[in-house]
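Topology and contacts: notes
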Amino acid sequence: TLAIAAAGIAVHALDLDAPMLERLRTKLDAASADVRSRTTVVAGDMRTFDLVERFPLIICPFRAFLHNVTEADRLACLGRVRHHLLPGG
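I will try to describe carefully the structure that is included in this document. (Residues numbered from 1 in each chain as written. Predicted model: local features only at pLDDT ≥ 70, side-chain atom pairs only at ≥ 80, totals over all residues. Heavy atoms only, no water.)

1. A few points about the layout of surface pockets
In this structure, the largest pocket encloses a volume near 1,500 Å³. Lining of the largest pocket is provided by 39 residues; of these, Thr1, Ala13, Leu14, Ile59 and Pro61 occupy positions nearest its centre. For the lining of the largest pocket, the secondary-structure elements that each account for two or more residues are helix H1 (2-6), strand S1 (11-15), helix H2 (18-30) and helix H4 (71-84). Residues that form the lining of the largest pocket fall into these classes: 28 nonpolar, 5 polar and 6 charged. (1 Å grid on protein atoms, 1.4 Å probe; cavity = no way out; pocket = protein on both sides within 12 Å on 5 of 7 lines; lining within 4 Å. Points joined across faces, edges and corners; volume = space filled by probe spheres on them. Helix = DSSP H or I, 4+ residues; strand = E, 2+ residues; numbered from the N terminus. Nonpolar A, V, L, I, M, F, W, Y, C, P; charged D, E, K, R; others polar.)

Right, dumping it as structure tokens:
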């Protein structure tokens, strides 16, 4: 998340785990104002999230997708991703 934001790209960081989000917020506190301004922290489940924003690219790094252990979980996540992608995304 921080590396993407540091590269000049706005990023939304979605996670269900409160301690993980808190670690990110702590790191953001130490980051530059530019990185902080490009980073949006979102508490949510990858299978059910619903944001106003639409994105040209959505990634699920570090094998996080593997937390979707059932086919229903995987399809739900992919459905949410598809819903949030811009046309051509």
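2. Notes on unusual backbone geometry
One non-glycine residue with positive phi stands out, namely Phe62, at about 55 degrees. For Arg63, which is not glycine, the phi torsion reads 60 degrees and is therefore positive. Relative to the assigned elements, Arg63 resides in the loop between strand S2 (39-43) and H4. Assessed through its relative accessible area of 68%, Arg63 is described here as exposed. (Buried < 20%, exposed > 50% of the residue type's maximum accessible area, 1.4 Å probe, protein only.)

3. Quick look at the environment of Asp73
Within the fold, Asp73 resides in helix H4. Asp73 gets classed as buried once you look at its relative accessible area, which sits at 15%. With 38 residues separating them along the chain, Asp73 and Val35 place their C-alpha atoms 32 Å apart. Not counting residues up to four positions away in its chain, the partners in contact with Asp73 are Arg47 and Asn68. (Contact = heavy atoms within 4.5 Å.)

4. Points about the pattern of salt bridges
Scanning the model with the defined rule gives 3 salt bridges in all. As a salt-bridge pair, Asp45 and Arg47 come within 2.5 Å of each other at their nearest N and O atoms. The exposure class assigned to Asp45 is buried, which follows from its relative accessible area of 14%. A residue is classified by how much of its surface remains accessible, and Arg47, at 32% relative accessible area, is partly exposed. Notably, a salt bridge pairs Arg47 with Asp73, separated by 3.2 Å at the nearest N-O pair. Residue Arg47 is located in the loop between S2 and H4, and its partner Asp73 is located in helix H4; the two are separated by 26 residues in the primary sequence. Each of the salt bridges in this network shares a partner with another, and the network as a whole consists of Asp45, Arg47 and Asp73. (Salt bridge = Lys/Arg side-chain N within 4 Å of Asp/Glu carboxyl O.)

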